[in-house]
Amino acid sequence: VMLPASAFADTSYYGLYVNGEQFTSDNLTIECGEGTATYDPATQTLALNNASIANAADYGGIDSKLADDLTITLQGDNYITFDDNMGIMADGNVEIQGPGSLTINVAGETKDGMSVAGDVSVRATNLAVNAPDGIGIASNGTVSIDNAQVKSAALYAGIDAINLFIENGSVVDISAAEDRCNAAFISPRGGATGGNIRISNSSIVAKSVYPGLFAGDNLTISGASVQSTSTADAALW
């Protein structure tokens, strides 16, 4: 019996899970509510189009075990919603971009909106994170916000990273509710140098019990509007 060559092709499994499903070479589009998530393995780009993500295979509505960068592009209004799980987990760098928006609402003890082992870049898009029992955006690298609107409200920190750069007309609103915590906690760790906050040509509001903006090294503000509030300490550290 003669079979086409494709009948013998092996299925490739990619280290990316969305809405409780894994992307494979046979399954590059996953339904997410009334929207979709589509993965391009050649560019390691995940396109969300009016996606509503409420299922998780393990940790995170989006769980990336990719060794290289993951780019997330947004079309329409996208949501990640959990009562007891992470919003986005990633082993590498993550960049979020596109004309749409992404809203992450997560609950549960120490559950973060985003937990990324590498850098986080938010460019020319709209991102809102609510993590009342964890960290809004947690990164073991640098968080860069470029011409974007970002709101991150959490228990321990709106943004926790090694460096924080906000530039090119970005509008940022971050907060932390827990005692002795900062809206932005920016400090070197794990042997990596850092602790720098740079805000240029942008606007930021930061509110927490301890200093709204905590920089372990340098804090630079240029052509920017900064409102930083502490209810129990210095506003800026």
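As the structure is a prediction and not an experimental result, all values here were calculated from the model. (Residues numbered from 1 in each chain as written. Predicted model: local features only at pLDDT ≥ 70, side-chain atom pairs only at ≥ 80, totals over all residues. Heavy atoms only, no water.)

Peer 1: How should I be thinking about the overall build of the protein in this particular structure?
Peer 2: The helix and strand inventory of the protein stands at 0 helices and 27 strands. Taking 2.2 N^0.38 as the reference for a compact globule, 237 residues should give roughly 18 Å; the C-alpha atoms of the protein span a radius of gyration of 19 Å, in line with that estimate. Taking the principal axes of the C-alpha coordinates as reference, the protein spans close to 80 × 35 × 30 Å. The 237 residues of the protein split such that 48% are buried. Expressed as a percentage of contacts within the protein between residues at least 6 apart in sequence, the contacts between residues at least 24 apart total 49%. For the protein, the computed accessible surface area is about 10,500 Å², with 46% contributed by carbon and sulfur atoms. (Helix = DSSP H or I, 4+ residues; strand = E, 2+ residues; numbered from the N terminus. Rg over C-alpha atoms; globule rule 2.2 N^0.38 Å. Buried < 20%, exposed > 50% of the residue type's maximum accessible area, 1.4 Å probe, protein only. Contact = heavy atoms within 4.5 Å. Areas by Shrake-Rupley, 256 points an atom, 1.4 Å probe, with all protein chains shown as cover.)

Peer 1: Looking at this structure, I do not really get the sheet that holds strand β24 (residues 203-208). What am I missing?
Peer 2: Hydrogen bonds along the backbone pair up the strands of a sheet, which may run parallel or antiparallel. Ordered in space as β6-β9-β12-β15-β18-β21-β24-β27, the 8 strands form an open sheet in which the pairing is parallel. With one partner strand each, in any of the chains shown, β6 (52-53) and β27 (225-230) form the two edges of the open sheet. Sheet topology note: the β24/β27 ladder contains 6 bridges and is parallel. Across the sheet, the residue bridging to Ala206 is Ser228, located in β27. (Pairing = 2+ DSSP bridges.)

Peer 1: I keep staring at unusual backbone geometry and nothing clicks. Help me out?
Peer 2: Trans peptide bonds make up the majority, and among non-glycine residues the majority have a negative phi. Even without being a glycine, Gln44 presents a positive backbone phi close to 50 degrees. Structurally, Gln44 is set in the loop between β4 (35-40) and β5 (45-49). On the basis of relative accessible area, Gln44 is assigned to the buried category, the value being 16%.

Peer 1: Just to check I follow, could you spell out the pattern of salt bridges for this structure?
Peer 2: Pairs can form between side chains of opposite charge whenever their charged atoms are close. Throughout the structure, instances matching the rule amount to 5 salt bridges. One salt bridge connects Asp84 with Lys111, and the closest N-O pair in it is separated by 3.5 Å. Taken together, the residues Asp84 in the loop between β9 (77-82) and β10 (88-90) and Lys111 in the loop between β12 (101-106) and β13 (114-116) connect sequence positions 27 residues apart. When its relative accessible area of 51% is taken as the criterion, Asp84 is described as exposed. Through salt bridges with shared partners, a single ionic network connects Glu95, Arg123 and Asp146. (Salt bridge = Lys/Arg side-chain N within 4 Å of Asp/Glu carboxyl O.)

Peer 1: Would you mind going over the sheet that holds strand β23 (residues 196-200) with me for this structure?
Peer 2: What the 10 strands build is an open sheet, ordered β3-β4-β5-β8-β11-β14-β17-β20-β23-β26; its pairing is mixed. The sheet is open, and its two borders are formed by β3 (29-32) and β26 (219-222), each paired with just one other strand. Pairs of neighbouring strands in the sheet enclose a mean axial angle of 10 degrees, with direction left out of account. In this sheet, strand β8 (residues 70-75) lies alongside β5 in parallel orientation, the contact comprising 5 bridges. By the bridge assignment, Leu46 is partnered in β8 with Ile72. (Axes fitted to C-alpha atoms, helices over the stretch in contact; angles between N-to-C directions.)

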